[in-house]
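# Commentary on secondary and tertiary structure
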Amino acid sequence: MAPGVMAVQGGAGNDFPAKLTSQVVICSIIAAFGGLMFGYDIGISGGVTSMDDFLLKFFPSVYRKKHEARENNYCKYDNQMLQLFTSSLYLAAVVFSFVAAKICTRFGRRMAMRLAAAAFGIGVILNIFARNVVMLIVGRLFLGAGVGMGNQAVPLFISEIAPARYRGGLNISFQMLITIGILCANIINYFTSKIHPNGWRWSLGGAAVPAVFLLFGSLIIVETPASLIERGKNEEGLKTLRKIRGVEDVQKEYDEIVEATETAKKIKSPFKTLMKRSSRPQLICGTIIHFFQQFTGINVVMFYAPVLFQTMGLGSDASLMSAVITGSINVVSTIAAILLVDKVGRKGLLIEGALQMLVSQVAIGAILMTNLTATNAITKPYAYVVIILISVFVAGFAWSWGPLCWLISSEIYPLETRTTGFFFAVSMNMVCTFIIAQAFLTMLCHMKSSIFFFFAVLILIMGSYIKIFLPETKGIPIDEMNERAWKKHWHWKKYFIDGPIDEEAAPKGDHQKEDL
């Protein structure tokens, strides 16, 4: 539907007139450049860690192991410091997603995005001019601060400014730019790998582009009405709401935001409130899907695609080109998610994606188990089949678990616990990403091809969980999620029998009912 066409949100007496305005589309795209920062870093690290010039300067022991005459296919990159280069970013991201949650509440979503861009820029500079491993890791920590703050602020921002009917597609623009960032990084790595001895510096330096765009873009986009009203700027919030909806009659939506804000003000401790029984459904579902997302094995592919393809016996150029191919499939498949999410719904895509990834992982594991030993090179036909299967896996992830985890965890919370709840989601994502990034090369060395069966089992579990426990949230206004999703779910509805969250009004005796 083109901008300017009327959309009606809600139902059951809660119809919110709105247009999909150019203001909303532009703001969403600018904000989503936080995803480009994240994606570029995911894609660039794997290519850089496979470059000989980079290994020779910072990890000479890995360089020697890589070029041994009879190297172990599964163990040649097994080095904890090399893995720390990739994973250290996510430790900082956990800490700064908490900082960003506080900034979002007190100063707004835009301020968190500005600080994210600034921290990321500092990290880029340190990495470009790195002279030793310590400087390299410190730069990664600053990059992590930027990623953590950006991942906290951007999905919240988009979910709050988007009309409910288009919230899914607009929010996925964040994941879309993650995939574009990964693709750009893979293409850049392919060319900079031929520039000696400092091609890796050009690769790492390219991360400055999305950071600069987000920094200056965050100066011109509007703040969300919910954030403005939350901070007592009601008139500005009403004015902004009319601006982004493209209609004058926004009173119903405005009143609902004000009501949600008043409820939020009664909450003295969002963290304590989030632990209450009536907040548990959102907390459990919004957090566990990020655990599952990372343990699909996707970052095994995205972080270490060049390394993985070299393990199968492909040359350096071929492995980097294969990463470009999978990156391209990632982008195209995410476009499919944008087109389908507000029509098919969240659950259908998640379940289909899990099945597709399950089949791919099992097939990859079977081929490598029967054809790749510690010292041989897999034949080219089998290597190309593995690339095809990895592409099928990436496609399944890109139109389901990749974008939808960010979308769902940003739309399911009421205002009073929204930033805090989303902090738990982001933190779970970053912690699990750290674990995978730090442990994968060691796991590959010890588990060999069985690692793919390990991820396949987890995919089977997560698909079953979604089928049973996740309510559909398609098309539901963000501040009506409890009434129209959680309270109607066969399992989660029992968590709301004690009524709404209200710390001031709750009798002291109710503490026994909270089942903490």
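Residues numbered from 1 in each chain as written. Predicted model: local features only at pLDDT ≥ 70, side-chain atom pairs only at ≥ 80, totals over all residues. Heavy atoms only, no water.

### Describing the packing of helix 20 (residues 401-411) against helix 21 (residues 418-447)
Where helix 20 contacts helix 21, the two axes come as close as 8 Å, and the packing angle between them is 155 degrees. Comparing the axis directions of helix 20 and helix 21 gives the class roughly antiparallel. In contact with W406, S409 and S410 of helix 20, helix 21 contributes R418, F422, A425, V426, N429 and M430. Per-class residue counts for the contact of helix 20 with helix 21 are five nonpolar, three polar and one charged. (Axes fitted to C-alpha atoms, helices over the stretch in contact; angles between N-to-C directions. Helix = DSSP H or I, 4+ residues; strand = E, 2+ residues; numbered from the N terminus. Parallel < 35°, antiparallel > 145°, perpendicular 65-115°, else oblique. Contact = heavy atoms within 4.5 Å. Nonpolar A, V, L, I, M, F, W, Y, C, P; charged D, E, K, R; others polar.)

### Remarks on the packing of helix 2 (residues 33-48) against helix 8 (residues 167-192)
Where helix 2 meets helix 8, the axes come as close as 6 Å, and the angle between the chain directions of the two elements is 35 degrees. Our pair here, helix 2 against helix 8, has a crossing hand that is right-handed. On the side of helix 2, the interface is formed by F33, G34, G35, L36, F38, G39, Y40, I42, G43, I44, G47 and V48, while helix 8 contributes F174, L177, I178, I180, G181, I182, C184, A185, N186, I188 and N189. (Left-handed = near helix turned anticlockwise from the far one by under 90°.)

### Describing the confidence of the model for the protein chain
Predicted coordinates in areas of low pLDDT are best not read in detail. Per-residue confidence for the protein chain averages 84 on the pLDDT scale, and 86% of its residues sit at or above 70. The weakest mean pLDDT in the protein chain belongs to strand 1 (residues 6-9) at 36; the strongest belongs to helix 6 (residues 109-128) at 96. Scored below 50 in pLDDT, residues 1-14 makes 43 contacts in the model with residues more than four places away or belonging to other chains. This stretch, residues 500-516, has a pLDDT under 50; its non-local contacts, to residues over four places away or in other chains, come to 27 contacts. (pLDDT = per-residue confidence, 0-100.)

### Some points on helix 13 (residues 251-265)
The terminal C-alpha atoms of helix 13, which comprises 15 residues, lie 21 Å apart, in line with the 21 Å expected from a rise of 1.5 Å per residue. Among all positions of helix 13, only E253, Y254, E256, I257, V258, A260, T261 and A264 are buried. (Expected span 1.5 Å × (residues − 1). Buried < 20%, exposed > 50% of the residue type's maximum accessible area, 1.4 Å probe, protein only.)

### Re the packing of aromatic side chains
Two descriptors summarise a pair of aromatic rings, namely the distance from one centre to the other and the angle between the planes of the rings. Enumeration according to the criterion identifies 24 aromatic pairs in this entry. Geometrically, the ring pair formed by F54 and W200 is edge-to-face, given 5.6 Å between the ring centres and 70 degrees between the ring planes. With a gap of 146 residues between them, F54 in helix 3 (residues 52-58) and W200 in helix 9 (residues 199-205) connect regions that are remote in the sequence. The exposure class assigned to F54 is buried, which follows from its relative accessible area of 0%. These aromatic residues form a ring-pair network of at least three members: F291, F292, F295, W401, Y465, F469, W486, W490, W492 and Y495. The lysine or arginine in question, R277, covers the ring of Y495, its NZ or CZ lying 4.6 Å from the ring centre. (Phe/Tyr/Trp six-rings, centres within 6.5 Å; stacked < 30°, edge-to-face > 60°. Lys NZ or Arg CZ within 6 Å of the ring centre and 35° of its normal.)

### Structural notes on the pattern of salt bridges
Counting across every chain of the model gives 14 salt bridges. Measuring nitrogen to oxygen at the nearest pair gives 2.6 Å for the salt bridge that ties D41 to R140. Placement of the pair is D41 in helix 2 and R140 in helix 7 (residues 133-161), with a sequence separation of 99 residues. Accessibility assignment for this pair places D41 and R140 in one class, buried. (Salt bridge = Lys/Arg side-chain N within 4 Å of Asp/Glu carboxyl O.)

### A closer look at unusual backbone geometry
With an omega dihedral of 5 degrees, the bond running from H196 to P197 counts as a cis peptide bond. With respect to the element layout, P197 can be found in the loop between helix 8 and helix 9. Despite not being glycine, K448 has its phi angle at roughly 55 degrees, a positive value. Note that K448 resides in the loop between helix 21 and helix 22 (450-469).

### Regarding the nonpolar core
Ranked by size, the top nonpolar core spans 140 residues in total, and within it F54, W401 and M430 carry the most contacts. Broken down by element, this core gets its largest block of residues, 13 residues, from helix 7. (Core = buried A, V, L, I, M, F, W, Y, C linked by side-chain atoms within 4.5 Å.)

### A few points about the environment of I378
Tracing the sequence through the fold places I378 in the loop between helix 18 (346-371) and helix 19 (380-398). On the basis of relative accessibility, which here comes to 5%, the residue I378 falls in the buried class. Here the alpha-carbon distance between I378 and I367, two residues eleven residues apart in the chain, equals 9.5 Å.

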